[in-house]
Amino acid sequence: MIIAVDGMGGDNAPKEIIEGVYKALEEFGDLSVQLYGHQEKMQPFLKQHERLNVIHCEEIIEATDDPVRAVRRKKGASMVQMAQAVKDGRADACVSAGNTGALMAAGLFVVGRIDGVDRPALAPTLPTIDGKGFVMLDMGANAEARPEHLVQYAVMGSIYAEKVRGIQNPTVGLLNIGTEEKKGNDLTKAAFPMLKEAPVNFIGNVESRDLLNGAADVVVTDGFTGNMVLKTIEGTAMNVFAMIKDVFMSSTKTKVAALLVKNDLNGLKGMLDYSEYGGAGLFGLKAPVIKAHGSSNANALFNAIRQTRTMVEYDVTGTIYSTLKKENPDD
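Worth saying up front: this structure is predicted, and the values here are computed from it rather than measured.

Definitions and cut-offs
- Residues numbered from 1 in each chain as written.
- Predicted model: local features only at pLDDT ≥ 70, side-chain atom pairs only at ≥ 80, totals over all residues.
- Heavy atoms only, no water.
- Pairing = 2+ DSSP bridges.
- Helix = DSSP H or I, 4+ residues; strand = E, 2+ residues; numbered from the N terminus.
- Contact = heavy atoms within 4.5 Å.
- Axes fitted to C-alpha atoms, helices over the stretch in contact; angles between N-to-C directions.
- Buried < 20%, exposed > 50% of the residue type's maximum accessible area, 1.4 Å probe, protein only.
- Parallel < 35°, antiparallel > 145°, perpendicular 65-115°, else oblique.
- Left-handed = near helix turned anticlockwise from the far one by under 90°.
- Nonpolar A, V, L, I, M, F, W, Y, C, P; charged D, E, K, R; others polar.
- Salt bridge = Lys/Arg side-chain N within 4 Å of Asp/Glu carboxyl O.
- Phe/Tyr/Trp six-rings, centres within 6.5 Å; stacked < 30°, edge-to-face > 60°.

### Quick look at the sheet that holds strand E7 (residues 134–137)
Phase 1 of the analysis: Judged by pairing direction, the sheet is mixed, and its 5 strands sit side by side in the order E6-E7-E10-E8-E9 without closing on themselves. Edge positions in the sheet fall to strand E6 (125–126) and strand E9 (201–206), since each of these pairs with one other strand and no more.
Phase 2 of the analysis: As paired elements, strand E8 (residues 171–175) and E9 share 5 bridges and run parallel to each other. Bridge pairing links Gly 173 to Gly 204 in E9.
Phase 3 of the analysis: Across the sheet, helix H6 (residues 147–163) is in contact with E6, E7, E8 and strand E10 (218–220); its angle to E10 comes to roughly 165°.

Here is the structure:
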């Protein structure tokens with residue numbers, strides 16, 4: 001199995017990216033990695049490994065670049081070259097912690113969509129109180145959606161939850177402002193009966209306040225709403241821990257208390273860190289394309305590669321295609 005990795009993507013590239021690659025190579029004996037990036041900048045962190053192939057790329061897509069324009073103009077960039085390797089069959093999947101919009105553009109324009117998928121969806125696994133986590137999509141690949149798109153998201157998310165996360169008959173919920181069937185806007189009202197007929201374990205509407213309690217294994221919504229939920233969860237977690245830190249640092253007494261509960265607080269912080277579950281999959285493409293968190297360290301990048309490897313091993317892309325084809329044989 002060969003996975004292509006963007007060595008220049010993310011806040012901590014290339015050092016943490018490369019360390020995460022070596023960790024994955026040591027963990028998985030069946031894995032080979034193609035590492036794309038600027039040779040000179042990566043060289044201080046590289047060491048010889050028989051299953052690592054380093055490909056030099058002169059160009060880099062920056063976080064400030066216009067995503068679509070960068071993918072079209074910077075053909076020699078590490079992210080574009082990585083996606084091209086997947087398209088050409090030289091790699092089975094790819095991972096990047098770089099510019100999210102550019103990776104989505106590279107996935108769409110270079111790797112390409114699965115036949116029958118109208119719009120790919122960005123799908124991270126988010127934390128729950130019990131540590132199980134849930135898949136949510138779309139988280140920003142498409143600002144708007146039609147009811148049939150939400151049905152496709154449900155199918156893709158359900159397949160991923162079962163094949164990669166190991167959840168038997170995963171539950172699927174529709175994000176809404178109430179649990180009653182008639183609640184919501186035109187999109188959710190139209191999607192509800194279609195989801196009831198879809199080949200998934202649909203349990204109805206779920207509210208955002210119940211997401212971290214594990215309301216469903218898969219939650220579907222439009223990309224605008226999903227991205228707002230993602231940023232709210234991320235921002236709330238960061239600010240809560242900042243407030244806790246301020247309290248513990250306020251006096252000598254609380255500083256002593258902080259030392260006593262330091263390990264417990266670190267464990268709690270880890271529970272709320274969705275990078276521990278891997279990256280966000282761009283579902284609906286012809287091969288797995290995984291977006292690791294922009295601030296990924298070596299462990300987060302390792303988790304993203306582990307997730308990608310599992311998607312290839314269990315042929316998630318092929319299962320999505322065959323399931324959607326069965327539901328829409330004329331597409």
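### Some words on the pairing of E7
Phase 1 of the analysis: Residue alternation in E7 divides its side chains into two sets, Phe 134 and Met 136 and Val 135 and Leu 137, and both sets are buried.
Phase 2 of the analysis: Pairing between E6 and E7: 2 bridges, direction antiparallel. Among the inter-strand pairings, Thr 125 is bridged to a residue of E7, identified as Val 135.

### A few points about the packing of helix H1 (residues 15–27) against helix H10 (residues 298–313)
Phase 1 of the analysis: Contact pair H1 / H10: the axes reach a minimum separation of 7 Å and the direction vectors enclose 50°. Accordingly, the angle class assigned to the pair H1 and H10 is oblique. Taken as a pair, H1 and H10 cross one another with a handedness that is right-handed. Facing Glu 16, Ile 17, Glu 19, Gly 20, Val 21, Lys 23, Ala 24 and Glu 27 of H1, the residues of H10 in contact are Ala 298, Asn 299, Leu 301, Phe 302 and Ile 305.
Phase 2 of the analysis: Of the residues that constitute the contact of H1 with H10, the class distribution is 7 nonpolar, 2 polar and 4 charged.

### Topic: the pattern of salt bridges
Oppositely charged side chains may form a pair once their charged atoms are brought near each other.
Phase 1 of the analysis: The final tally for this structure, using the stated rule, is 10 salt bridges.
Phase 2 of the analysis: Note that Arg 209 is salt-bridged to Glu 207, the shortest N-O span being 3.6 Å.
Phase 3 of the analysis: Arg 209 gets classed as exposed once you look at its relative accessible area, which sits at 64%.
Phase 4 of the analysis: Judged by its relative accessible area of 17%, Glu 207 falls in the buried class.
Phase 5 of the analysis: Of the charged contacts in the structure, one is a salt bridge between Glu 313 and Arg 309, with a shortest N-O distance of 3.8 Å. Note that Glu 313 and Arg 309 are positioned in helix H10 at a spacing of 4 residues, about one turn of the helix.

### Here we look at the packing of aromatic side chains
Phase 1 of the analysis: All chains considered together, the criterion is met by 3 aromatic pairs.
Phase 2 of the analysis: A ring pair is formed by Phe 28 and Phe 302, whose centres lie 5.9 Å apart and whose planes are at 5°; its orientation type is stacked. Here Phe 28, found in the loop between H1 and strand E2 (32–37), pairs with Phe 302, found in helix H10; they are 274 residues apart in sequence, far enough to count as distant.
Phase 3 of the analysis: When its relative accessible area of 11% is taken as the criterion, Phe 28 is described as buried.
Phase 4 of the analysis: By relative accessible area, Phe 302 is classed as buried at 9%.
Phase 5 of the analysis: Relative to Phe 283, the ring of Tyr 160 lies with its centre 4.9 Å away and its plane at 40°, an arrangement referred to as tilted.

The values are spatial; any link to function lies outside them.
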